[in-house]
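# Geometric and topological summary
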Amino acid sequence: MAGPRPVVFSGPSGAGKSTLLKKLMKEHENVFGFSVSHTTRKPRPGEENGRDYHYVTREAMQAAIDNGEFIENAEFSGNLYGTSKAAVQAVQAKNLICILDIDMQGVKNIKKTDLNPLYISIQPPSMEILEKRLRDRNTESEENLQKRLHAASVEMEFSKEPGMFDVVIVNDKLEDAYGRLKDTLLEVIQRVRVAEDQRCK
Ligand SMILES: Nc1ncnc2c1ncn2[C@@H]1O[C@H](COP(=O)(O)OP(=O)(O)OP(=O)(O)O)[C@@H](O)[C@H]1O
Ligand SMILES: Nc1nc2c(ncn2[C@@H]2O[C@H](COP(=O)(O)O)[C@@H](O)[C@H]2O)c(=O)[nH]1
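I will try to describe carefully the structure that is included in this document. Everything quoted here is computed from the prediction, not taken from an experiment.

### Quick notes on the pattern of salt bridges
Here the structure, examined in full by the defined rule, presents 16 salt bridges. Across the pair Glu131 and Arg135 runs a salt bridge, and its minimum N-O distance is 3.0 Å. Remark: Arg135 and Glu131 occur in helix α5 (residues 127-137); sequence separation between them is four residues, near one turn of the helix. Ionic pairing is found between Arg137 and Glu140, a salt bridge with its closest N-O pair at 3.3 Å. Judged by relative accessible area, which is 34%, Arg137 ranks as partly exposed. For Glu140, a relative accessible area of 17% puts it in the buried group. Three or more residues joined by partner-sharing salt bridges are found here, namely Arg41, Arg44, Glu47, Arg137, Glu140 and Arg148.

### So, the site of ligand 2
Every one of the 17 residues lining ligand 2 counts as a neighbour, but Ser37, Arg41, Tyr53, Tyr81 and Asp101 are closest to it. One of the side-chain nitrogen or oxygen atoms of Ser37 is found 2.6 Å away from an oxygen atom of ligand 2. Between Gly82 and ligand 2, the recorded distance is 3.1 Å, taken from a backbone N or O atom to an oxygen atom. Protein contact buries 95% of the 510 Å² of open area that ligand 2 shows by itself. According to the grid-proximity analysis, the pocket containing ligand 2 is the largest pocket. Elements supplying a minimum of two residues to the shell around ligand 2: β5 (70-76) and β6 (79-84). Here the shell around ligand 2 is composed, by residue class, of five nonpolar, four polar and eight charged.

### Quick word on the environment of Gly106
Of note, Gly106 is situated in helix α4 (residues 104-110). When its relative accessible area of 0% is taken as the criterion, Gly106 is described as buried. When the C-alpha atoms of Gly106 and Ala74 are compared, they prove to be 6.5 Å apart, with 32 residues separating the residues in sequence.

### Points about the pairing of strand β9 (residues 167-170)
Where burial is concerned, the two faces of β9 differ: the one with Val167 and Ile169 is buried and the one with Val168 and Val170 is not. Relative to β9, strand β8 (residues 118-123) runs parallel, the two sharing four bridges. Bridging across to β9, Ile122 finds its partner in Ile169.

### Side note on helix α3 (residues 85-92)
Buried residues of α3: Ala87, Val88, Val91 and Gln92, and no others. The arc enclosing the buried residues of α3, seen along the axis, measures out at 125°, which places them on a common side. Of the surrounding secondary structure, the elements contacted by the buried residues of α3 are β2 (32-34), β5, β6 and β7 (97-101).

### Details of the pairing of β8
Within β8, six of the six residues are buried, which leaves it mostly tucked inside the rest of the structure. Across four bridges, strand β1 (residues 7-10) lies against β8 in parallel orientation. Looking at β8, one finds that Phe9 is bridged to Ile120.

### Let's talk about the packing of α5 against helix α6 (residues 142-158)
Where α5 meets α6, the closest approach of the two axes is 11 Å, and the angle between their N-to-C directions is 145°. Relative to α6, the crossing made by α5 is right-handed. Of α6, the residues touching α5 (which contributes Met127, Leu130, Glu131, Leu134, Arg135 and Arg137) are Glu142, Leu145, Gln146, Arg148, Leu149, Ala152, Ser153 and Met156. For the contact of α5 with α6, the per-class residue count stands at seven nonpolar, two polar and five charged.

Cut-offs used in this document
Residues numbered from 1 in each chain as written. Chains lettered and ligands numbered in written order. Predicted model: local features only at pLDDT ≥ 70, side-chain atom pairs only at ≥ 80, totals over all residues. Heavy atoms only, no water. Salt bridge = Lys/Arg side-chain N within 4 Å of Asp/Glu carboxyl O. Helix = DSSP H or I, 4+ residues; strand = E, 2+ residues; numbered from the N terminus. Buried < 20%, exposed > 50% of the residue type's maximum accessible area, 1.4 Å probe, protein only. Near = heavy atom within 4 Å. Polar contact = N/O pair within 3.5 Å; in protein donor to acceptor, adjacent residues only side chain to side chain. Areas by Shrake-Rupley, 256 points an atom, 1.4 Å probe, with all protein chains shown as cover. 1 Å grid on protein atoms, 1.4 Å probe; cavity = no way out; pocket = protein on both sides within 12 Å on 5 of 7 lines; lining within 4 Å. Sits in = over half its atoms within 2 Å of the grid points. Nonpolar A, V, L, I, M, F, W, Y, C, P; charged D, E, K, R; others polar. Pairing = 2+ DSSP bridges. Arc of directions from axis to C-beta. Contact = heavy atoms within 4.5 Å. Axes fitted to C-alpha atoms, helices over the stretch in contact; angles between N-to-C directions. Left-handed = near helix turned anticlockwise from the far one by under 90°.

What follows is the structure, given as C-alpha cells:
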C-alpha cells in the first residue's frame, strides 16, 4: 500500500484515543485521514455513519470478512470491529497519514501485514480514573462497562510488552498528553507538509 507511513492508536476503551485523535486531526487538516472502521455496535448519540464507523449487521460484516475485504477484524465487548482494505486505501490515495484506532487484537493482526505503521499506545493514569471516565462518558450499559474494564486491564498489561509499541503516552492531563503526541508526530507531519508544498509548486 502506498502513501505516508500510517499511525496506529491503541489502548483501553476510555483512555482518550478519540479525544486526542479528534484534536490532532482538527489542528492538522489535510495531513491525517481517519481509517473508518466497520462495526456491528449501534451508533452513539452524535456519531455518524461513514464518519465515525460504518455501522453494519453482523451478517454483512461476516460476509465481507469471508470475502477477504478486511486487513484485520476482532470481536470486542460483544461486537465485531474491523479495518477494511478500502478504508485504508481511501486515505492513502489522498497521500494523507492514515490513522487507525484499533484494539489490542487489531495491533497483533496488523503486525502480521505489510502496513508497517507507527504504533502508539494511549494509556489512562490508572484503572480508577479509566472507570470514572468511562462512567462519565455515559455510553455503556453496566454489563458493557464491565466487559470494557476487564479488557482494559489486559490492554494495560499488553502495552508493557517490549517492542509492542513505539511510543506509550499516559493521558493524565489532556494538554500534556496532546503535547507528547504532537512531539511524537512532528517529523511525519513536517514530511507530509513538505511533500504537499512540492506538489503545489
Ligand atoms: N485527559 C483527560 N482528562 C479527563 N477526561 C478525559 C481525558 N481524555 C479523555 N477524557 C474523557 O474520557 C472519556 C473517554 O475518552 P475517549 O472517548 O476519547 O476514549 P477512547 O479511548 O476513544 O475510548 P473508546 O476506545 O471506547 O472509543 C471521554 O468522555 C473524554 O471526554
Ligand atoms: N481491532 C479493531 N478494533 C477496533 C476497530 N475500530 C475500533 N476498535 C476498537 O474497539 C474498541 C471499542 O471501540 P468503541 O468505539 O466501541 O468504544 C476500542 O478499543 C477501539 O480502538 C477496528 O477496526 N479493529
